[in-house]
Amino acid sequence: MREKLQRFMWGRYGSDRLNQVLMVCALIGFFLSFVGGNLFDLLALGLLGYVYFRMFSRNIAKRSAENQWYLAREWKARRWFQNKKREFGERREYKIFKCPNCGQKLRIPRGKGKIEIRCRKCGNEFIGKS
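Description of the structure in this document. Bear in mind the structure is a predicted one, so any value in this text is a computation, not a measurement. Numbering of residues begins from 1 in every chain and follows the order in which that chain's sequence is written. Restriction of local features to residues with pLDDT of at least 70 applies here, the model being predicted, together with a cutoff of 80 or more for giving and counting side-chain atom pairs; totals for whole chains, interfaces and linings are based on all residues. Side-chain measures here rest on the full set of heavy atoms in the structure, leaving out hydrogens and waters.

**Re the overall build of the protein**
Put simply, the test is: Each helix is a run of DSSP H or I of at least 4 residues and each strand a run of E of at least 2, with the numbering of both proceeding from the N terminus. Throughout, the radius of gyration refers to the C-alpha atoms, and the reference size of a globule is 2.2 Å times the residue count to the power 0.38.
Of regular secondary structure, the protein possesses four helices and four strands. The linear arrangement of helices and strands in the protein, starting from the amino end, is α-α-α-α-β-β-β-β. In terms of overall dimensions, the protein is more spread out than a globule: its C-alpha atoms have a radius of gyration of 25 Å, far above the 14 Å expected for 130 residues. Considering only C-alpha atoms, the protein reaches an extent of 75 × 40 × 25 Å along its principal axes.

Here it is, written out as structure tokens:
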């Protein structure tokens, strides 16, 4: 049986990160269908159908491009959350200023009083209270 499945999947795309995320979303949709009704059920079935379509597809280049597109968006979101987590952890030691000229974020140590801040990007000088 295993050999038959391997022969069937030969030349097909299989599973990737996007399929895994879509499968989790489909499962969440099925759980929400108990509370919310038929809308979540239809959404979950549609997602599940798309997962199987991608999994059994023979157009490997297109499915790989879709996965790369998703991974780029996921990486961007993860990086944004990591930056926010880092900024939140440093909020007691540093104060963040934005340059009024170029918008560059500048990290200044707290407790220095009123100081003159110089932007490293554009050279603009402004006064801020740390």
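What follows continues from the structure just given.
**Regarding the packing of aromatic side chains**
Defined as follows: Only Phe, Tyr and Trp rings take part, Trp by its six-membered ring, and two of them pair if their centres are within 6.5 Å. Stacked means planes under 30 degrees apart, edge-to-face means over 60, and tilted covers everything else. Using a 1.4 Å probe on the protein chains alone, a residue whose accessible area is under 20% of its type maximum counts as buried, one over 50% counts as exposed, and one in between counts as partly exposed.
Throughout the structure, instances matching the rule amount to four aromatic pairs. Arranged with centres 6.2 Å apart and planes meeting at 25°, the rings of Tyr50 and Phe53 form a pair that is stacked. Separated by three residues within a single helix, Tyr50 and Phe53 lie in helix α3 (residues 38–55), roughly one turn from each other. The class of Phe53 is partly exposed, set by a relative accessible area of 47%.

**A short note on the pairing of strand β4 (residues 125–129)**
Operational definition: Think of it this way: DSSP has to see at least two bridges between two strands before they count as a pair.
Burial along β4 is one-sided: Phe126 and Gly128 are buried, while Glu125, Ile127 and Lys129, pointing the other way, are not. Sheet topology note: the strand β3 (residues 114–118)/β4 ladder contains five bridges and is antiparallel. Bridge assignment links Lys114 to a residue of β4, and that residue is Lys129. Taken together, β3 and the strand that follows it, β4, pair antiparallel across an intervening segment of six residues, in which Gly123 is found at a positive phi of about 85°.

**What to know about a nonpolar patch on the surface**
Rules: Patch members must show over 30% relative accessible area and no salt bridge, and they are joined within 9 Å when carrying like charges or within 5 Å when they are nonpolar side chains of Val, Leu, Ile, Met, Phe, Trp or Tyr. Throughout, the Shrake-Rupley method with a 1.4 Å probe supplies accessible areas, and for residues the shown protein chains are the sole cover considered. Take a side-chain nitrogen of Lys or Arg and a carboxyl oxygen of Asp or Glu: if they are within 4 Å of each other, that pair is a salt bridge.
Together, Leu5, Phe8, Tyr52 and Phe56 make up an exposed nonpolar region whose accessible area comes to about 390 Å². Residue classification places Phe8 among the partly exposed residues on the basis of a relative accessible area of 40%.

**Some words on the packing of helix α2 (residues 17–36) against α3**
To characterise two packed helices, one gives the angle between the axes of the helices and the distance between these axes. Which entries qualify depends on this criterion: A fitted line through C-alpha atoms serves as each axis, taken over the contacting stretch for helices, and the angle formed by two N-to-C directions is quoted from 0 to 180°. Angle categories: roughly parallel below 35 degrees, roughly antiparallel above 145, roughly perpendicular from 65 to 115, and oblique for all the rest. Should the near helix be turned anticlockwise from the far one by less than a right angle, the crossing is termed left-handed; should it be turned clockwise, right-handed. By the convention used here, residues are in contact when the closest approach between their heavy atoms is within 4.5 Å.
As a packed pair, α2 and α3 sit with axes 7 Å apart at the nearest point and diverge in direction by 160°. What the angle tells us is that α2 and α3 run roughly antiparallel. For the pair α2 and α3, the crossing hand works out as left-handed. Contact with α2, carried on its side by Leu18, Asn19, Leu22, Met23, Cys25, Ala26, Gly29, Phe30, Leu32, Ser33 and Gly36, involves Asn38, Phe40, Asp41, Ala44, Leu45, Leu47, Leu48, Tyr50, Val51, Arg54 and Met55 of α3 and no other residues of that element.

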